[in-house]
2 protein chains.
Amino acid sequence: MREIFITDVSLRDGIQSLLATRVRGEDLYEVLEVLDRCGFWSLEVWGGATFDVCLRYLKEDPWERLRKFKDIAKNTKLEMLLRGQNLVGYRHYPDDVVEAFVKKAYDNGIEVFRIFDALNDTRNMRKAIEVAKKIGATVKGVLSYTISPVHTVEYYLKVARELVDMGIDIISIKDQAGLLSPKVAYELVKALKEEFPSYPVHLHTQTTADLAEMAQLKGIEAGADMIDTVFYSLSGQTSHPPGETMIYVLREFGYKVSVDENLYKKAGDMFREIRKKYKKYDVLPPYPDVGVLKHQIPGGMITNFISQLKEQGMEDKLEEVMQEVIRVREDLGYPPLVTPTSQIVGSQAFLNVLHGERYKVVTKETRDYVKGLYGRPPAPIKEELIKKILGNEEPVYHIRPADLLEPELEKVRQEAIQAGARSEEDVLSYVLFPLVAKEFFEWRDKFEKGQAPPPYTEDIMQEEEERHKAPV
Amino acid sequence: MREIFITDVSLRDGIQSLLATRVRGEDLYEVLEVLDRCGFWSLEVWGGATFDVCLRYLKEDPWERLRKFKDIAKNTKLEMLLRGQNLVGYRHYPDDVVEAFVKKAYDNGIEVFRIFDALNDTRNMRKAIEVAKKIGATVKGVLSYTISPVHTVEYYLKVARELVDMGIDIISIKDQAGLLSPKVAYELVKALKEEFPSYPVHLHTQTTADLAEMAQLKGIEAGADMIDTVFYSLSGQTSHPPGETMIYVLREFGYKVSVDENLYKKAGDMFREIRKKYKKYDVLPPYPDVGVLKHQIPGGMITNFISQLKEQGMEDKLEEVMQEVIRVREDLGYPPLVTPTSQIVGSQAFLNVLHGERYKVVTKETRDYVKGLYGRPPAPIKEELIKKILGNEEPVYHIRPADLLEPELEKVRQEAIQAGARSEEDVLSYVLFPLVAKEFFEWRDKFEKGQAPPPYTEDIMQEEEERHKAPV
Ligand SMILES: [Co+2]
Ligand SMILES: [Co+2]
């Protein structure tokens, strides 16, 4: 009887997908206590937007949240999503910052690092993998899934080989846009299990286009060992398959899944209440985004275009911009449309349509991308486009982007302390988000002296009041 | 290349599942025109609650709607769901009414009859099947799916054999409660295709517990030929899988599916707007009901219990009532919990808990059920329970329930005409729903003289106004 291991991602990806990461730590401690006894292989609780939102909006120290989580979760490994050399930020950080961050994350409670790079340039993942392995953490090496002529099974086998050679423990397929079909899931997992028979394969799929449950099922038929789910009340829309249903299905097919049913139900109902409390951020329609199957442009990007075009009085250009997104993505070597490449491709496509000429105006980000500062594009960019954008400069695809960066930590530490950092963790927060962290430190000082209110007090009070008035 | 045929059920089951059937015909004509050119095998547009809601709330003649639909749909067969001897009502009608109704439905535009009985007692389906076949319609003979010790693959093969012997064209699996798992879908379809290789197998699944997409995929792997889907904007929750996604998945696996992509997109967006207009009825949470996997009690029943128990100040008895539902269902031979058996089992369980003694008080419906007036229970009822409920009376399981009914049509015709019926179709409306039809006829008379407003005028005006004010 094959065992399938479940990672619950409610506390990170579930809440990020449906509630804009806006849920405060104190609303999660109680449910985490239940989750910890459910029998999951791990709990994904940190990374992605957690850091930014905690500091910026919730006025919550993300390190402090992690320590509290770790205190509560005595039985289950805590896992985080790490954007390779980007860590939990939006640019490449130098190696000294990567090393310090991974170590501190581990010290504060993270045992499993899920490490990815949007371009699948493993040079952007190498440092984080090395550090995590050295300190004894478990590493999931991620294949970022997208659809394009170059993103074939062979392509992913090659990326997986590089990651395996770097010492990862688990091969993880990450379908951030919800594009992984059951057929491709089957073929990809099968090929990975044949090529790397001793490596567990982990499958992370988003329900955006309603493919995820089928993709997980076919992926498991092909040999996948681990999947990510959320509780029913945080499932569907742009989130993930409900664990309750997947476990029911898998057990019926004869797979072993170790979770406690009663605790499971309890936690699902607790998340339902959390979702009610934060309904202000719960704005997605209840049905899937099937457009993404056709043009692979995430719904969020299209919504942005609509409002940008409106501002310019160019509402009729939506179809044109969308077609241009597809062309720019092709020009740039088919990067997956996720942060930060979705912004790069989107802005450039918008400018190309706005100015009525392609690449007449080029953003700094497009330039950096073409130069290779984000890494090597998945497919080569045409010579003439490189010329048009870089002029006489040469791209630096042969150089690992972080090799171009000076160490930062020592240089910034004094500045961070002056801004209010009290610990090495604070210094890291400052390095990652200087302005936001500084504001947070200042708020924290005032708050401790009773000179600043807790964040959102009024909003949350009002929401709680409405909730008590509402019929069940 | 195997072809998979799609029936779109947006206009009947989609709108019934998500918008309480409250959408007026005039809001559907435009989208039907598009649907008709999409290339579906058929469109399910009538039956279920259509009749009742049209007459009662929408003040719309259901026959008139059907004729308009037929006028518009020049390329695609129209299909209806028929509750066997119950037709579109809530009790058994005598054979003369069944015959007249099926004929008139055919005359007015229905070419495919999907005929079921909640107890899978084929004697309740025989008359409708015979009439439909005789007039040249296509018949889907339905297996009503539920989970119980008696509802095995062998059980369904036996029911299918009876239906095949009655002359049906297509074997149809109807999973009204969303309980059909991918494993059972596979096994059931496989067994049916082996036993009846020349019969197409059709699969109707509800997304209630998030099983439906997986069940359809595995059912098709096992040989199913036809599935039911809705457009993306009416998919999920207690409705159905999105056709857009299923077609994408099936084509990728190499199945042939004949639909026009561009029209498909257009219709999906039109349903999105319809859904906005009727948002008042759009009240379900965006996540699946996974409780049903555990106790098979539909969410709607539980909601009813909660309010009934509240009225009695017995809120703490919910778990007890739910356990009693499971026991009463077992006592009564495991009927599927759908109309009308969900009401029978639910009310009896509630009374059993309320009075602190099982079957101390017995409803008329429970009595009729035990006597056999609804047909033969799926599993035998224990002798002592029959005694307790019927006393000295004997059950009549050996008699086809409709054989106990006198012809009705001639007897009621005069009464119907006096109530305002103007046509044979009106007479049938009256036989099915006498009070509701009479009220409708009276309203119609007044409306035509300008003495009564159209229904809901104010409500709908207000909704339309809000819609125009709202930001996109
Ligand atoms: Co994700
Ligand atoms: Co249905």
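Cut-off values and rules
- Residues numbered from 1 in each chain as written.
- Chains lettered and ligands numbered in written order.
- Predicted model: local features only at pLDDT ≥ 70, side-chain atom pairs only at ≥ 80, totals over all residues.
- Heavy atoms only, no water.
- Donors = N, O, S within 2.8 Å, 3.2 Å for Na, K, Ca; no water.
- Buried < 20%, exposed > 50% of the residue type's maximum accessible area, 1.4 Å probe, protein only.
- Helix = DSSP H or I, 4+ residues; strand = E, 2+ residues; numbered from the N terminus.
- Axes fitted to C-alpha atoms, helices over the stretch in contact; angles between N-to-C directions.
- Parallel < 35°, antiparallel > 145°, perpendicular 65-115°, else oblique.
- Contact = heavy atoms within 4.5 Å.
- Nonpolar A, V, L, I, M, F, W, Y, C, P; charged D, E, K, R; others polar.
- Pairing = 2+ DSSP bridges.
- Left-handed = near helix turned anticlockwise from the far one by under 90°.

**Q** When you look at the coordination of the cobalt ion (ligand 2) in this model, what are you seeing that I'm missing?
**A** Ideal geometry at a metal gives 109.5 degrees between four tetrahedral donors and either 90 or 180 degrees between six octahedral ones. Residue and element names in this part refer to chain B. Looking at the metal site, the cobalt ion (ligand 2) is ligated by Asp13 (OD), His204 (NE2) and Gln206 (OE1), spaced 2.0 to 2.5 Å from it. We note that the donor set of the cobalt ion (ligand 2) lies within a single chain, spaced as D-x190-H-x1-Q. Looking at His204, the relative accessible area reads 0%, which means it is buried. Relative accessible area serves as the criterion here: at 5%, Gln206 is assigned to the buried category.

**Q** Please clarify how the coordination of the cobalt ion (ligand 1) should be interpreted in this entry.
**A** Residue and element names in this part refer to chain A. Taken together, Asp13 (OD), His204 (NE2) and Gln206 (OE1) make up the full set of protein donors to the cobalt ion (ligand 1), lying 2.0 to 2.5 Å away. For the cobalt ion (ligand 1), all donor residues lie on one chain, and their spacing in sequence is D-x190-H-x1-Q. Here Gln206 lies in the loop between strand 7 (201-205) and helix 9 (212-221) and Asp13 lies in helix 1 (residues 10-19), a separation of 193 residues in the sequence. Each member of the pair, Asp13 together with Gln206, is buried.

**Q** I keep staring at the packing of helix 3 (residues 50-58) of chain A against helix 4 (residues 62-72) of chain A and nothing clicks. Help me out?
**A** Angle between the axes and distance between the axes: these two values describe a pair of packed helices. Residue and element names in this part refer to chain A. Running from N to C, helix 3 and helix 4 cross one another at 115 degrees; their axes reach a closest spacing of 9 Å. As far as their axial angle goes, helix 4 and helix 3 are roughly perpendicular. Touching Thr50, Phe51, Cys54, Leu55 and Leu58 of helix 3 are Pro62, Trp63 and Arg65, all from helix 4. Each residue belonging to the contact of helix 3 with helix 4 can be placed in one class, and the counts come to six nonpolar, one polar and one charged.

**Q** Which parts of the structure should I look at to understand the sheet that holds strand 8 (residues 226-229) of chain B?
**A** Within a sheet, each strand pairs with its neighbour through backbone hydrogen bonds, oriented either parallel or antiparallel. Residues and elements named next belong to chain B. Pairing is parallel in the closed barrel, where eight strands are placed in the order 1-2-3-4-5-6-7-8. Here the strands of the sheet are splayed against their neighbours by 30 degrees on average, with no regard to which way each runs. In terms of strand pairing, strand 7 (residues 201-205) meets strand 8 through two bridges, oriented parallel. Following the sheet pairing, Leu203 is matched in strand 8 by Ile227.

**Q** Explain the environment of Val112 of chain B here, please?
**A** Residues and elements named next belong to chain B. Within the secondary structure, Val112 sits in strand 4 (residues 110-115). In this structure Val112 comes out as buried when scored by relative accessible area, which is 0%. Spatially, the C-alpha atoms of Val112 and Ala137 are 5.8 Å apart, while their sequence positions differ by 25 residues. In contact with Val112, not counting residues within four places along its chain, are Trp41, Lys77, Leu78, Glu79, Met80, Thr138 and Lys140.

**Q** What's the story with the packing of helix 5 (residues 95-108) of chain A against helix 6 (residues 123-134) of chain A in this structure? I'm lost.
**A** All names here are of chain A. Between helix 5 and helix 6, whose axes approach to 9 Å, the crossing angle comes to 40 degrees. Accordingly, the angle class assigned to the pair helix 5 and helix 6 is oblique. Like other packed secondary-structure pairs, helix 5 and helix 6 cross with a definite hand, here right-handed. Taken together, the residues of helix 6 that come into contact with helix 5 (itself represented by Asp95, Val98, Glu99, Val102 and Lys103) are Lys127, Ala128, Val131 and Ala132. Residue classes in the contact of helix 5 with helix 6 are distributed as five nonpolar, no polar and four charged.

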